[in-house]
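# Architecture and fold: a report
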Amino acid sequence: MKAIILLGTLKKEGVSNTETLTSFCNSYLGKEGIEAEVIKLVDYKILPGTYTEMNQKDDWPGIFKKLTEADIIIFATPIWWGNHSSEIQRVIERLDEVHDKIEDGEESPLADKPVGIIITGDSDGSQHIIGSISNFVNAIGMFVPPFSTLSVQAEEHIKDAEPGEEKLLELYEKDYAEDAAQMAAQLKKYAE
């Protein structure tokens with residue numbers, strides 16, 4: 001079973017809370033026999049737009065192909081001003097053509113894929129992001145199964161905090177291992 005994780009961190013280098021939580025969650029996916037590929041969006045050239053193919057060459061068509069071939073798709077994002085990251089928003093915008101095709105009576109190439117959501121932040125905003133992403137993926141034929149989100153708000157996530165990857169992983173293992181295991185099991189169940 002194959003999952004694609006769309007990692008929406010804004011950090012090209014250094015410790016990213018969202019990347020660390022994604023790595024933590026990925027270990028639980030592995031325990032369920034799910035092989036996950038993490039696509040760190042900030043490392044790719046993804047043009048703004050609302051079509052799969054733009055007039056200029058970029059990396060989105062290759063990423064989109066991976067999404068169509070995956071069994072599970074996971075959106076991983078930090079909270080910025082109560083919303084998902086600009087990297088995740090760009091993905092949503094580029095997937096808009098799928099919605100256009102559905103409106104024209106075509107079947108979604110992403111139909112019936114279960115979606116997971118990973119969120120990090122230092123303040124509330126998870127419910128809004130989960131609602132926004134869930135609404136979007138539903139509109140293009142995917143769905144968020146019960147208990148398949150993992151959201152961590154912690155003081156260690158404050159903008160300029162530098163707790164280090166080891167301390168973050170200790171926090172996640174101590175307080176969120178059960179949630180990560182449940183999320184992995186649910187995504188597997190609904191992808192079978």
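Description of the structure in this document.

Conventions and cut-offs
- Residues numbered from 1 in each chain as written.
- Predicted model: local features only at pLDDT ≥ 70, side-chain atom pairs only at ≥ 80, totals over all residues.
- Heavy atoms only, no water.
- Helix = DSSP H or I, 4+ residues; strand = E, 2+ residues; numbered from the N terminus.
- Rg over C-alpha atoms; globule rule 2.2 N^0.38 Å.
- Patch = residues over 30% accessible without salt bridge, like charges linked within 9 Å, V, L, I, M, F, W, Y side chains within 5 Å.
- Areas by Shrake-Rupley, 256 points an atom, 1.4 Å probe, with all protein chains shown as cover.
- Salt bridge = Lys/Arg side-chain N within 4 Å of Asp/Glu carboxyl O.
- Phe/Tyr/Trp six-rings, centres within 6.5 Å; stacked < 30°, edge-to-face > 60°.
- Buried < 20%, exposed > 50% of the residue type's maximum accessible area, 1.4 Å probe, protein only.
- Pairing = 2+ DSSP bridges.
- Axes fitted to C-alpha atoms, helices over the stretch in contact; angles between N-to-C directions.
- Contact = heavy atoms within 4.5 Å.
- Expected span 1.5 Å × (residues − 1).
- Lys, Arg positive; Asp, Glu negative; His and termini not counted.

## Focus: the overall build of the protein chain
Within the protein chain one finds six helices and five strands. In sequence order, the secondary structure elements of the protein chain are arranged as β-α-β-α-β-α-α-β-α-β-α. Rg of the C-alpha trace for the protein chain: 16 Å, near the compact-globule value of 16 Å for 192 residues, within the 12% margin. For the protein chain, the spread of C-alpha atoms along the principal axes amounts to about 50 × 35 × 25 Å.

## Regarding a nonpolar patch on the surface
Together, Leu10, Trp80 and Trp81 make up a nonpolar patch on the protein surface, roughly 420 Å² of accessible area in all. Looking at the secondary structure, you find Trp81 in the loop between β3 (72-78) and α3 (86-94).

## Overview of the packing of aromatic side chains
Scanning the entire structure with this criterion turns up four aromatic pairs. Both rings, one in Phe143 and one in Tyr190, keep their centres 6.0 Å apart while their planes meet at 70°; by these two values the pair is edge-to-face. Placement of the pair is Phe143 in the loop between α5 (126-139) and β5 (149-153) and Tyr190 in helix α6 (residues 165-191), with a sequence separation of 47 residues. Assessed through its relative accessible area of 27%, Phe143 is described here as partly exposed. The exposure class of Tyr190 is partly exposed, given its relative accessible area of 31%. Here the aromatic cluster, defined as three or more aromatic residues joined through ring pairs, consists of Phe24, Tyr28 and Tyr172.

## Looking at the sheet that holds strand β4 (residues 115-121)
Read across the open sheet, the five strands follow the order β2-β1-β3-β4-β5; overall the sheet is parallel. Each end of this open sheet is capped by a strand with a single partner; those strands are β2 (35-40) and β5. If you compare each strand with its neighbour and ignore which way they point, the axes differ by 15° on average. Pairing analysis gives six bridges linking strand β1 (residues 2-7) to β2, with the strands arranged parallel. Across the sheet, the residue bridging to Ile4 is Glu37, located in β2. The strands touched by helix α1 (residues 17-31) within the sheet are β1, β2, β3, β4 and β5, with β4 carrying the most contacts at an inclination of about 140°. Contacting β1 and β3, α3 crosses the sheet at an angle of about 140° to β3.

## Some thoughts on α1
If you check α1, its first and last C-alpha atoms are 22 Å apart, about what 15 residues at 1.5 Å a residue would give, namely 21 Å. Of the positions making up α1, those classed as buried are Asn17, Thr18, Thr20, Leu21, Thr22, Phe24, Cys25, Tyr28 and Leu29. Buried residues in α1 make contact with β1, β2, β3, β4, β5 and α6. Phi turns positive one or two residues past the end of α1, at Gly33, with a value near 80°.

## Focus on the side chain of Glu87
Tracing the backbone shows Glu87 in helix α3. It is Arg90 that comes nearest to the buried, bridge-free Glu87 among opposite-charge side chains, at 6.0 Å. When sequence neighbours within four positions are dropped, the list of residues in contact with Glu87 reads Gly8, Thr9, Leu10, Leu41 and Val42.

Geometric descriptors of this kind do not, in isolation, establish any biological role.
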